[in-house]
Amino acid sequence: MVCLKTIGDALQQQFGFDSRSCEREKGVDGQKPFSSVDMSKLSAPKYKLNTNIKLLYISRTISFSYSSSSKSAPFPSDLTNTILSCKTPNLALQLFNSVPKRLDTPENLQPYSAIIHVLANAKLYIKARCLIKDTIQTLQKTSKPHRACASIFNALSRLQTSRFSPKVFGVLIIALSEMGLVDEGLWVYRKMGELPAIQACNALLDGFVKMGGYSSMWELYADMVSRGLSPSVVTYGILIDSSCEQGDMVKARQLFGEILEKRMEPTVVIYTTLIRGLCGEGRMLEAESMFREMPEAGIIPNLYTYNTLMGGYCKMANVQKALDLYQEMLARGMLPNVVTFGILIDVLCKMGELQVARNYFVCMVKFNVVPNLRVYNCLIDGYCEEGNLSIALDMYSEMEKFGILPDAFTYAILIKGYCVTGRVEEVDGLLQKMNEAGVPVNSVMYNTLIDRYCKEGSVEKALEVHSQMTEKGVPNVITFSNLIDGYCKIGKMEAAMGLYNEMVIKGVEPDVVTYTALIDGYFKDGNMKSALKLYKEMIEARLKPNAVTLSCLIDGLCKDGRISYAIRIFLENTSGALARSETLQISSGYCSPNNIMYSALIQGLCKNGQIFKASKFFSDMRFIGLKPDVLTYAIITRGFFGAKHMVNVMMLQADMLKMGIISNGTIYQALDKGYREIGDLRSAIQCSEDLLKLGLG
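Scoring rules and cut-offs
- Residue numbering note: each chain is counted from 1, following its sequence as written.
- Only residues with pLDDT of 70 or above have their local features reported here, since the model is predicted, and side-chain atom pairs are shown and tallied only from 80 upward, although totals for entire chains, interfaces and linings are computed over all residues.
- Computation of side-chain values covers all heavy atoms of the structure but excludes hydrogens and water.
- A run of H or I in DSSP counts as a helix once it spans at least four residues, and a run of E counts as a strand once it spans at least two, with each numbered from the N terminus.
- Working rule for helices: expected span equals 1.5 Å times residues minus one.
- Partly exposed describes any residue whose relative accessible area lies between the buried limit of under 20% and the exposed limit of over 50%, with all areas from a 1.4 Å probe on protein chains only and scaled to the type maximum.
- Note on contacts: a residue pair qualifies if any of its non-hydrogen atoms lie within 4.5 Å across the two residues.
- The working definition used for a salt bridge is a side-chain nitrogen of Lys or Arg within 4 Å of a carboxyl oxygen of Asp or Glu.
- Here a pair means two rings of Phe, Tyr or Trp (six-membered ring of Trp) with centres within 6.5 Å. Their orientation is stacked below 30 degrees between planes, edge-to-face above 60, and tilted elsewhere.
- Each axis is a line fitted through C-alpha atoms, and for a helix only the stretch in contact is used; angles between axes span 0 to 180 degrees, taken between their N-to-C directions.
- Under this scheme an angle from 65 to 115 degrees is roughly perpendicular, one under 35 degrees roughly parallel, and one over 145 degrees roughly antiparallel; angles in between are oblique.
- Residues are grouped as follows: nonpolar covers Ala, Val, Leu, Ile, Met, Phe, Trp, Tyr, Cys and Pro; charged covers Asp, Glu, Lys and Arg; every other residue, Gly included, is treated as polar.

Novice: What am I meant to see in unusual backbone geometry here?
Specialist: Outside of glycine, negative phi angles account for most residues, and trans bonds account for most peptide bonds. Not every positive phi belongs to a glycine, and K123 is a case in point at roughly 65°. Mapped onto the fold, K123 is located in the loop between α5 (110–121) and α6 (125–139). Positioned with a positive phi, R263 is a non-glycine residue whose angle comes to about 60°. As for its placement among the helices and strands, R263 is situated in the loop between α13 (249–261) and α14 (268–280).

Novice: I keep staring at helix α36 (residues 665–678) and nothing clicks. Help me out?
Specialist: Compared with an ideal rise of 1.5 Å per residue, which puts 14 residues at 20 Å, α36 spans 20 Å between its outermost C-alpha atoms and is within 8% of the ideal. For α36, the complete set of buried residues consists of G665, I667, Y668, A670, L671, D672, G674 and Y675. Tucked inside the fold, the buried residues of α36 contact α34 (630–642), α35 (646–659) and α37 (681–693).

Novice: Help me understand the pattern of salt bridges, please; the structure alone is not making it clear to me.
Specialist: Between side chains of opposite charge, a pair can form as their charged atoms come close. With the rule as written, the count across this model stands at 28 salt bridges. With a shortest N-O distance of 3.6 Å, E286 and R253 are connected by a salt bridge. Here E286, found in helix α15 (residues 284–296), pairs with R253, found in helix α13; they are 33 residues apart in sequence, far enough to count as distant. A relative accessible area of 29% means that E286 is categorised as partly exposed. The class for R253 is partly exposed, based on a relative accessible area of 32%. A salt bridge links K321 to E288, with the nearest nitrogen and oxygen atoms 3.9 Å apart. Of this pair, K321 sits in helix α17 (residues 319–331) while E288 is found in helix α15, placing the two residues 33 residues apart along the sequence. Classification of K321 as partly exposed rests on a relative accessible area of 29%. Where salt bridges share partners, they join E288, R292, K321, E328 and R332 into one cluster.

Novice: Looking at this model, I keep getting lost on the packing of aromatic side chains. Mind explaining?
Specialist: Aromatic ring pairs are reported here in terms of the distance separating the ring centres and the angle at which the planes meet. Per the stated rule, a full pass over the model turns up 17 aromatic pairs. Between the aromatic rings of F256 and Y271, the centroid separation amounts to 5.3 Å while the plane-to-plane angle is 70°, which identifies the pairing as edge-to-face. One end of the pair, F256, is in helix α13; the other, Y271, is in helix α14, and 15 residues separate them in sequence. Each of the two residues, F256 as well as Y271, counts as buried. Between F291 and Y306, the aromatic rings sit 5.1 Å apart at their centres with planes inclined by 80°, giving edge-to-face as the arrangement. Highlighted residues: F291 in helix α15 and Y306 in helix α16 (residues 303–315), separated in sequence by 15 residues.

Novice: Explanation requested: the packing of helix α20 (residues 373–385) against helix α22 (residues 408–420) in the structure shown.
Specialist: Geometry of a packed helix pair, given as the angle between the helix axes and the separation of the axes. Put simply, α20 and α22 touch, their axes get as near as 9 Å, and they point 10° apart. The orientation of α20 relative to α22 falls into the category roughly parallel. Contacts between α20 and α22 involve L373, N377, I380, D381, C384 and E385 from the first element and F409, T410, I413, L414, K416 and G417 from the second. Residue composition of the contact of α20 with α22, by class: 6 nonpolar, 3 polar and 3 charged.

Purely geometric numbers; function is a separate question.
Now the structure itself:
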């Protein structure tokens, strides 16, 4: 058996452990306690002691001290002193981890405080940070975050020893920021009374940006600068990120300029952040320019940079530029990841290029990239939009086969696919699978089903889904709008208004879609007074009518003979009044006029004998790039016949040929009737023969 005096000597000589901190009344195995031995008189051992033997001895000694409940040397104090007495931080950490601890009292935090200070002094910041996080998580089981933070802060502040390191508070701020406890981190920052290290400042600023607390971040940055902070390139990166997230590219550019003025070297992260911000605003020329500047500045774009720029082009539907960047990336020896393929497959599916998207999907195997849920969702959505539900379901089965679990978005896509292809009765099976998988049905899925049933005229089934939705949650404005539109389409205006009143009572504010459905329903029901009343109510609610709303209003008013009012609404709400302007830019608050509006106005004016005004609207329609349909040509043709403007009739026929519009029965009937009214029987007979050829005579 090894002599305890020899062990003690070995501990002191080899590991720097002061055995007097483990003083107790009786020694181990009958030997004297170390406190009664003059350690300086013991000769050094002639062998090396294993660290595990030493730790076992210490832990057994301290555990005995704790179990004996000695008032003069309680366990936390013993362990704290022992940790502080260790010469190396790694030995202190091993000792700390080898002894059982409790966190039920503030005193029990003393060993934690001691080891964190030791680690911070030794610049082992990552280990110190991990320990702080673990301690906070343990404390949060019984305390609120702020209380847990205060306990740690107080324990760190109370340590009275030469090993005290003010750096621990900076480490604490970083740990709190990384855990998302930025308010607690700010509290520590204010309690410190002095500016922490730049790393802690950056962590706290970044924490606020990640939490979306931009105004708080800027206020904190101003305070840090007033305390003498000299921002680093990392600080500038955080500030630029915040500016981009807020959409303030002017500020982001200004900060980037400050980096260059101070002769700092912008990092690839800063360049990529700026490119991301420019892409977010659709400023692709500037984003591309900054991307091309990077090599000139000695910065090599990384995969994230390429993905960001490719994503920007894809959002602008510029697939070719995205594919060019993909090829450039490969040429530079950069391997794509699942994000790269996700960006390309997503845009290709949205553009209807399913075969190309599938090729890139297959190409993923070549680069050892495993498809994720997003990639599968993009392909399933693409096939559903194409109406190819069978392939979409095959992709869904393949996904499950590879252990990729579908999410709510996957199920929402498939439900929409079933509805679009007229297989709504099969949705019940999918809903059952969702229930078994524990995926809740959300409002998007319910609204998709309600919309489909309403379009099929099955309003009763739509109401059943509405009832299920009400049981599991509150229906939203889309739910009510779909149901109201369903009732309006089958002419049940009383039921539609009943739902409208219900949504108002429940605090769901009607939107422009709700009002449009009701306005259109009342016009078709012949109740113009109620339609105009709802339009007035919509304007008072500060809702801008959209193109569909205006089409319903103008068409309804024209059919009712109120042409002047229809023209006034058209000119007040559309860019039609600006059709002859030089820029042809649509001003804010204006809608783009469409074929329905122009056709309704032209028909109403022709019916009212105002052929000159009708002709002007027809010219404006052509001028802004709208292509009149056959019905519009037939309407204006009848108008010109009525006014006996034969030259204009011939010009219209020539214009139709120029536009590539083939005359059909509607045109020939208008011409036949017009020629007979003016007595041109020869032309009328020719039109009749043309009608016979079409089988309409």
